[in-house]
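# Overview (structure and organization)
The lines below spell out each chain.
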Number of protein chains: 2
Amino acid sequence: MVIKYPNGKKYAPQSQASSLPPKLKQQNYSNRGMTLEEDLNETNKYYLERGIAVVHKKPTPVQIVQVDYPKRSAAVIKEAYFKQASTTDYNGVYRGKYLDFEAKETRNLTSFPLKNFHPHQIDHMKMVEKQNGISFVILRFAALEEIFYLPATHLFDFWDRMKNGGRKSITKSEIESVAFQIPLGLHPRIPYLSIINRLHF
Amino acid sequence: MVIKYPNGKKYAPQSQASSLPPKLKQQNYSNRGMTLEEDLNETNKYYLERGIAVVHKKPTPVQIVQVDYPKRSAAVIKEAYFKQASTTDYNGVYRGKYLDFEAKETRNLTSFPLKNFHPHQIDHMKMVEKQNGISFVILRFAALEEIFYLPATHLFDFWDRMKNGGRKSITKSEIESVAFQIPLGLHPRIPYLSIINRLHF
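- As recorded in an unreviewed UniProt entry, chain A goes by Holliday junction resolvase RecU and comes from Bacillus kandeliae.
- Per UniProt, the comment on chain A under Subcellular location (unreviewed entry) is "Cytoplasm".
- Under the UniProt heading Function (unreviewed entry), the note attached to chain A is "Endonuclease that resolves Holliday junction intermediates in genetic recombination. Cleaves mobile four-strand junctions by introducing symmetrical nicks in paired strands. Promotes annealing of linear ssDNA with homologous dsDNA. Required for DNA repair, homologous recombination and chromosome segregation."

What follows is the structure, given as structure tokens:
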């Protein structure tokens, strides 16, 4: 059921959703089509099946505490906790290059909040860049259905601005000036390799 | 407590251990020092902290079925199942190159059983090689404390031989002839990048 609030928008518990693991996030959005994660999984599957690139989403990190071994059936995890990821969600290889990225979405219309990223993810992307990997983020403005490829080096600039007391988000116009809009397709849905082809080959 | 069997060897439940997820495997070996996974985690941490390479172990894939949200405390996973991994356990970037590998150990003395690998892992490594990534396996002969770096292309040959009705393992002497023994250290414990430096730079 979709609860309509006085402003006419669907209820989407933003801060809660962004701290939940991906599997659970999907439930919040199940009424309004595909999530960014599903679209990227479809895209990566498309690339994989055609031998174009090998990119996978990493499993959600879980701390397992208790496991039962029932007779004649699979082991059941009875107690476990979500752990903070220490890296980004996606990585893989494309034409000899290492790809590493994170995907985030916002319901905002005019800016992208930096709280979507964790400090250790930024640190991870900086280390990847130092090893000459290709690091970036895929940003989705959900209400506008616009998706951007932002090279990590630009994300670092906005992150450092915040650390130095500046704004806690990236404005939409800043994104439009330094990021690359990914033209959405049907198959694959988010052809991000087209941007990598332009920037790195 | 260590149970001694008539042959004087410690009891190590081989087949069970190899089908359990890594976290649980460790319990079986806790009395006899570090596991291969712990040694590799230490090695990757060493490389990471010094800015030498960015390589991580992927989380164990888990299918989450039920989650409780107790008041004022963290979400608890109450029912979940281990999933088969569709890729290898380790990947990352080193001097612009994509690294992708699996690590396995055996108590055998004279051969390495191929049942340690799953068909989809072999498929994954083949796709990585096609994308010009560096794919390999780290094989540990636990009783001998010898560790080898076997390029994936050689693993494919032994795998195909088995598929064509040949032996279900790689003999120790075959490994000695096509793999590279990794000289063990104290810090890092398994300096596998030394082999990559020799083969790829």
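Next comes the rest of the description.
### A look at the side chain of Glu102 of chain A
Residue and element names in this part refer to chain A.
- Assignment of secondary structure puts Glu102 in strand E5 (residues 97–106).
- Note on Glu102: relative accessible area 1%, which makes it buried.
- Apart from residues no more than four positions distant in its own chain, Glu102 is found in contact with Thr87, Thr88, Asp89, Phe117, Gln121, Phe136, Val137 and Ile138.

### A look at the sheet that holds strand E2 (residues 62–68) of chain A
- One open sheet holds the four strands; their spatial order is E2(A)-E3(A)-E3(B)-E2(B), and the pairing between them is antiparallel. Each edge of the open sheet carries a strand with a single partner, namely E2 of chain A together with strand E2 (62–68) of chain B. Along the sheet, successive strands turn relative to each other by an average axial angle of 35°, direction set aside.
- Alignment of E2 of chain B against strand E3 (residues 76–82) of chain B, held across six bridges, turns out to be antiparallel. Bridging across to E3 of chain B, Gln63 of chain B finds its partner in Tyr81 of chain B.

### Description of the confidence of the model for chain A
- Looking at chain A as a whole, the pLDDT averages 88, with 84% of positions reaching at least 70.
- Note that residues 22–32 of chain A has pLDDT below 50 and, in this model, 25 contacts with residues that lie over four places away or in other chains.

### Digging into the relation of the copies chain B and chain A
- Superposition of chain B onto chain A requires a rotation of 180° combined with a translation of 0.0 Å along the rotation axis, giving an RMSD of 0.0 Å. In the structure described here, the two chain copies are related by an operation that fits a two-fold rotation axis.
- Interface residue correspondence from chain B to chain A reaches 98%, placing this contact among same-surface, isologous pairings.

Reading the values: the criteria
Residues numbered from 1 in each chain as written. Chains lettered and ligands numbered in written order. Predicted model: local features only at pLDDT ≥ 70, side-chain atom pairs only at ≥ 80, totals over all residues. Heavy atoms only, no water. UniProt positions renumbered as here; feature names shortened; annotations may be inferred. Helix = DSSP H or I, 4+ residues; strand = E, 2+ residues; numbered from the N terminus. Buried < 20%, exposed > 50% of the residue type's maximum accessible area, 1.4 Å probe, protein only. Contact = heavy atoms within 4.5 Å. Pairing = 2+ DSSP bridges. Axes fitted to C-alpha atoms, helices over the stretch in contact; angles between N-to-C directions. pLDDT = per-residue confidence, 0-100. Least-squares fit on C-alpha atoms with pLDDT ≥ 70 in both.

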